[in-house]
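Examining the three-dimensional arrangement
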Amino acid sequence: MAQPTYVLVHGGWGGAWIWRDVGAELTRREVPWTAIDLPSSIHGAHPNTYLSDDAKEVSAIANLEGPVILVGHSYGGAVISEAAADVTHLERLVYIAALVPLLGESATEATREVNVRTTLDDAIQVEGDFLTLEPTLAKKALYQDCSDDIADWAIGQLTPQTLASFRSPRSSFDVDVPSYYVRCTLDNAIDLSVQELMAGRCNEFATLESGHSPMLSVPSTLCDLIVSTA
């Protein structure tokens with residue numbers, strides 16, 4: 001049986017770049033992987049880019065790969081939840097400090113199931129049809145446990161995110177594959193109480209002592225967790 005490919009899906013304001021160190025570690029372990037740039041956060045994104053558009057991008061790429069494991073970080077959790085029903089050879093869903101919205105629920109609504117405010121909320125700025133992040137607060141929200149060099153590099157990569165992607169509802173039903181959630185206990189972006197609620201929608205969960213972006217702060221430890229799910 002073919003070894004599954006890990007399809008890595010970033011969160012809001014991000015890109016495939018955020019998986020740089022995880023990708024290097026997976027390659028070292030001879031684990032196949034690919035990372036995706038979501039349409040909602042690319043440079044020049046159309047303002048009417050929805051959750052469904054991101055999901056279509058994921059399913060289209062995943063269906064080129066044979067057996068796959070979808071890995072979603074943060075908003076990327078909503079994307080893989082939406083995409084899963086259209087992925088032909090899906091083996092597992094892995095969520096990292098991620099949102100797992102219910103049918104009919106948007107990513108924004110999922111974060112508001114628990115009434116708690118985070119540093120990320122303070123960093124978000126609305127600019128017309130897009131959301132941007134104030135850099136200093138974004139660093140504290142997303143990369144507080146990364147080295148300054150890595151955090152500053154990541155802040156420089158961030159792009160605007162379409163408001164429509166966060167506010168559009170999930171329209172796909174759950175699929176019958178195992179799901180695994182990684183809770184990040186030091187997260188300043190998605191509160192641990194929200195993560196615990198989301199983890200309850202998955203079959204299994206693990207706990208990682210990290211901030212919101214373990215793929216940059218503890219990539220090898222994160223790889224241990226996600227590879228073990230296969």
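The structure we're discussing is the one just above.
So, a few notes on the structure that sits alongside this text. (Residues numbered from 1 in each chain as written. Predicted model: local features only at pLDDT ≥ 70, side-chain atom pairs only at ≥ 80, totals over all residues. Heavy atoms only, no water.)

Let's shift gears to the packing of aromatic side chains. Tallied over the entire structure, the rule returns four aromatic pairs. A ring pair is formed by Trp17 and Trp153, whose centres lie 5.4 Å apart and whose planes are at 90 degrees; its orientation type is edge-to-face. A residue pair is termed long-range when its members are at least 10 positions apart, and Trp17 in the loop between β1 (5-9) and α1 (20-28) and Trp153 in helix α7 (residues 148-157) qualify at 136 residues. Measuring from centroid to centroid gives 5.1 Å for Tyr75 and Phe166, while their planes differ by 50 degrees, and the two rings are tilted. Residue Tyr75 is located in helix α3 (residues 75-83), and its partner Phe166 is located in helix α8 (residues 163-167); the two are separated by 91 residues in the primary sequence. Each of the two residues, Tyr75 as well as Phe166, counts as buried. (Phe/Tyr/Trp six-rings, centres within 6.5 Å; stacked < 30°, edge-to-face > 60°. Helix = DSSP H or I, 4+ residues; strand = E, 2+ residues; numbered from the N terminus. Buried < 20%, exposed > 50% of the residue type's maximum accessible area, 1.4 Å probe, protein only.)

Take the sheet that holds strand β6 (residues 130-133) next. Spatially, three strands are ordered β5-β6-β7 in an open sheet, and the strand pairing comes out antiparallel. Looking at the sheet topology across the chains shown, the edges are occupied by β5 (124-127) and β7 (161-162). Across four bridges, the pairing between β5 and β6 is antiparallel. When the sheet's bridge partners are listed, Ile124 is paired in β6 with Leu133. (Pairing = 2+ DSSP bridges.)

Glancing now at the pairing of strand β9 (residues 204-208). Direction of pairing for strand β8 (residues 179-184) relative to β9: parallel, over a ladder of five bridges. When the bridges of β9 are listed, Tyr180 appears paired with Glu204. Handedness of the β-α-β unit built from β8, helix α9 (residues 192-199) and β9 comes out right-handed. (Right-handed = clockwise from strand over helix to strand, strands pointing away.)

Moving on to the side chain of Thr5. Mapped onto the elements, Thr5 comes out in strand β1. Those residues in contact with Thr5 that sit more than four places away from it in its chain are Pro32, Trp33, Thr34, Glu65, Pro67, Val68 and Ile69. (Contact = heavy atoms within 4.5 Å.)

Among the nonpolar cores identified, the biggest contains 73 residues, and Val22, Leu70, Ile96, Tyr143 and Leu158 are the most heavily contacted of them. Excluding residues within four positions of it along the chain, Ile96 makes contact with Trp19, Val71, Gly72, His73, Ser74, Val182, Cys184, Pro214, Leu222 and Ile226. (Core = buried A, V, L, I, M, F, W, Y, C linked by side-chain atoms within 4.5 Å.)

Moving on to α1. All buried positions along α1 are accounted for by Asp21, Val22, Gly23, Glu25 and Leu26. Within two residues after α1, Glu30 carries a phi angle of roughly 60 degrees, on the positive side.

Interaxial distance between helix α6 (residues 135-142) and α7 falls to 10 Å at its minimum, and their mutual angle equals 120 degrees. Considering the angle they form, α6 stands oblique to α7. In this structure, the crossing between α6 and α7 has a hand that is right-handed. Of α7, the residues touching α6 (which contributes Pro135, Ala138 and Lys139) are Asp148, Ala151, Asp152 and Ile155. (Axes fitted to C-alpha atoms, helices over the stretch in contact; angles between N-to-C directions. Parallel < 35°, antiparallel > 145°, perpendicular 65-115°, else oblique. Left-handed = near helix turned anticlockwise from the far one by under 90°.)

Within this structure, the stated rule accounts for one cavity of 30 Å³ or more. Residue lining of the largest cavity: 15 residues in total, with Gly11, Gly12, His73, Leu142 and His212 positioned closest to the centre. Per-class residue counts for the lining of the largest cavity are six nonpolar, nine polar and no charged. (1 Å grid on protein atoms, 1.4 Å probe; cavity = no way out; pocket = protein on both sides within 12 Å on 5 of 7 lines; lining within 4 Å. Points joined across faces, edges and corners; volume = space filled by probe spheres on them. Nonpolar A, V, L, I, M, F, W, Y, C, P; charged D, E, K, R; others polar.)

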